[in-house]
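For reference, the chains in residue letters:
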Amino acid sequence: MPAPILDARMQRYLIAHRVARLTTVDGAGQPSVVPICYATDGAVIYSALDAKPKRVAPTALRRVRNILTHPAVALVVDDYAEWWADLSHLIVRGTASLVAAGTAEHAAAIALLRDKYPQYAAMPIAEQPVIAIRPTTARFWAATPDAEEQGAEPARALDFDALVRGRRSVRAFRPDPVPRALIERVLDAARWAPSPHGRQPWRFAVITRPERKARLADAMGDTWQATLAMDNESPAVVARRLANSHARIHDAPVLILLCLYTADLDHYPDPDRQAAETTMAIQSLGAAAQTLLLTAYRLGLDGGWMCAPLFCPDTVRGALDLPPTLVPHALLPLGYAAKDPKRRPRLPLDDLIVHWD
Ligand SMILES: Cc1cc2nc3c(=O)[nH]c(=O)nc-3n(C[C@H](O)[C@H](O)[C@H](O)COP(=O)(O)O)c2cc1C
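Residues numbered from 1 in each chain as written. Predicted model: local features only at pLDDT ≥ 70, side-chain atom pairs only at ≥ 80, totals over all residues.

## A closer look at the overall build of the protein chain
Moving on, step 1. A count of helices and strands for the protein chain gives 10 helices and 11 strands.
Moving on, step 2. Projected onto the principal axes, the alpha-carbon positions of the protein chain cover approximately 85 × 55 × 40 Å.
Moving on, step 3. Buried positions account for 29% of the 357 residues belonging to the protein chain.
Moving on, step 4. At a minimum sequence separation of 6, the contacts of the protein chain that also span at least 24 residues come to 75%. (Helix = DSSP H or I, 4+ residues; strand = E, 2+ residues; numbered from the N terminus. Buried ≥ 20, exposed ≤ 12 C-beta atoms within 10 Å, placed from the backbone. Contact = placed C-beta atoms within 7 Å.)

## Looking at unusual backbone geometry
Moving on, step 1. Positive phi values are uncommon outside glycine, yet His197 reaches one of about 60 degrees.
Moving on, step 2. Topologically, His197 is positioned in the loop between α5 (180-190) and β8 (202-207).
Moving on, step 3. Of note, the phi angle at Asp321 is positive, near 55 degrees, even though the residue is not glycine.

## A look at the sheet that holds strand β11 (residues 326-335)
Either a parallel or an antiparallel arrangement is found when strands of a sheet pair, and the pairing is made through backbone hydrogen bonds.
Moving on, step 1. Pairing within the open sheet is antiparallel, and its four strands lie in the order β8-β9-β11-β10. Edge positions in the sheet fall to β8 and β10 (302-303), since each of these pairs with one other strand and no more.
Moving on, step 2. The sheet contact formed by β8 and strand β9 (residues 254-261) spans six bridges and is antiparallel. Across the sheet, Arg203 pairs through a bridge with Cys259, a residue of β9.
Moving on, step 3. Across the face of the sheet, helix α8 (residues 271-298) comes into contact with β8, β9, β10 and β11 while running at roughly 155 degrees to β9. (Pairing = 2+ DSSP bridges. Axes fitted to C-alpha atoms, helices over the stretch in contact; angles between N-to-C directions.)

## Considering the site of the ligand
Moving on, step 1. Residues in contact with the ligand, as listed here, are Arg168, Ser169, Arg171, Trp305, Met306, Cys307, Ala308 and Arg344.
Moving on, step 2. When its residues are assigned to classes, the shell around the ligand shows four nonpolar, one polar and three charged. (Near = placed C-beta within 6 Å. Nonpolar A, V, L, I, M, F, W, Y, C, P; charged D, E, K, R; others polar.)

## Let's talk about the sheet that holds strand β5 (residues 72-79)
Moving on, step 1. With antiparallel pairing, the seven strands of this open sheet are ordered in space as β2-β1-β5-β6-β7-β4-β3. Strand pairing shows two members of the sheet lacking a second neighbour, β2 (31-36) and β3 (39-40), which therefore form its edges.
Moving on, step 2. Running over the sheet, helix α1 (residues 8-16) touches β3, β4 (45-48), β5, β6 (88-99) and β7 (130-142) and is turned about 115 degrees from β7.
Moving on, step 3. Contacts from helix α2 (residues 62-69) reach β1 (20-25), β2, β5, β6 and β7, with the element oriented near 50 degrees to β1.

## Structural notes on the domain arrangement of the protein chain
Moving on, step 1. Under the domain assignment used here, the protein chain contains domain 1 (8-147) and domain 2 (167-335).
Moving on, step 2. Taking only C-alpha atoms, the centre of domain 1 and the centre of domain 2 are 38 Å apart. (Domains from an automatic or database assignment.)

## Quick word on α2
One turn of an α-helix holds 3.6 residues; hence residues three or four places apart share an orientation.
Moving on, step 1. For α2, the complete set of buried residues consists of Arg63, Val64, Asn66 and Ile67. Looking down the long axis of α2, one finds its buried residues gathered within 160 degrees of arc, a one-sided arrangement.
Moving on, step 2. At its buried positions, α2 is contacted by β1, β2, β5, β6 and β7. (Arc of directions from axis to C-beta.)

In structure tokens:
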């Protein structure tokens, strides 16, 4: 059997990305390019004709006219980031055709597209033909070596230095949902963080449902409003801050609430050692969070950090029906960055090393 044109890494790259640029050519050799949503079964790339401009029949779209006269197409999927170690792209050349509604291939393609883009659920794409691109050549390029050999299948196939430097706090996300498998992998990695006595004094609450997010955001907002009023902030500032934090909680596709769980730790009769034991547990919470955020970044996700739960643990516990043994410490929103955030500069290393001999 000949090797597939799209190898496993290319397939994963296509699956992990949401938009491609499709180039077609007309009969006179004039190229045209459009961004497209697409899905793949691993061998063929499908794109729906959602016929957004209602006055144009889908088969009159330029890309469709071009394909019908000249089936050769090229497709680019890429990642751009100011951190150039993150650059990568996939270029596929192939032959495009229309697959008519009513065929098994069409039904399978529509299912793939609706699975990938929930937005398609309510759109009449099943009545239109779909574009099928059958690759003839494909070329993948990434600025840093693929970490796939380590068995990780990451969307950001970066070496460790690039991961550490590439991760950044993201505060605005695209609405795209995060696959459950990715969330599980992120949490699974956090288990490997160092912890006092290896007791893993952390628990995670995962929040994805909009009603739950709204309940959490409302409850935290009420508490925060009271605090800001105590600080004599102006009503305009209070309103703006509340709206921002509400949006951050509500608009993040996934929220991971990081909770401290001290029940399994050692217990001491004296308060000093007890306090040190708790501090150790909190320190390891940070290690778990960093492991989680780096893994998320490696898998193509982005994360942020909101310390607000620390200031209203009872409120958060109440909004999520959590037991009193859990102390909410941080909310880590996860998703796909809406835009590349500005990088926070770092202190020079010399400022941080205070003693070395
Ligand atoms: C304990 C802790 C609490 C944080 N709390 C918040 C927060 O409440 N809101 C926020 O936007 N970022 C918060 N951050 C994120 C920091 O602002 C961010 O990590 C820092 O500015 C460095 O930027 P970077 O993460 O993009 O490298 C917090 C980070 C830590 C470690």
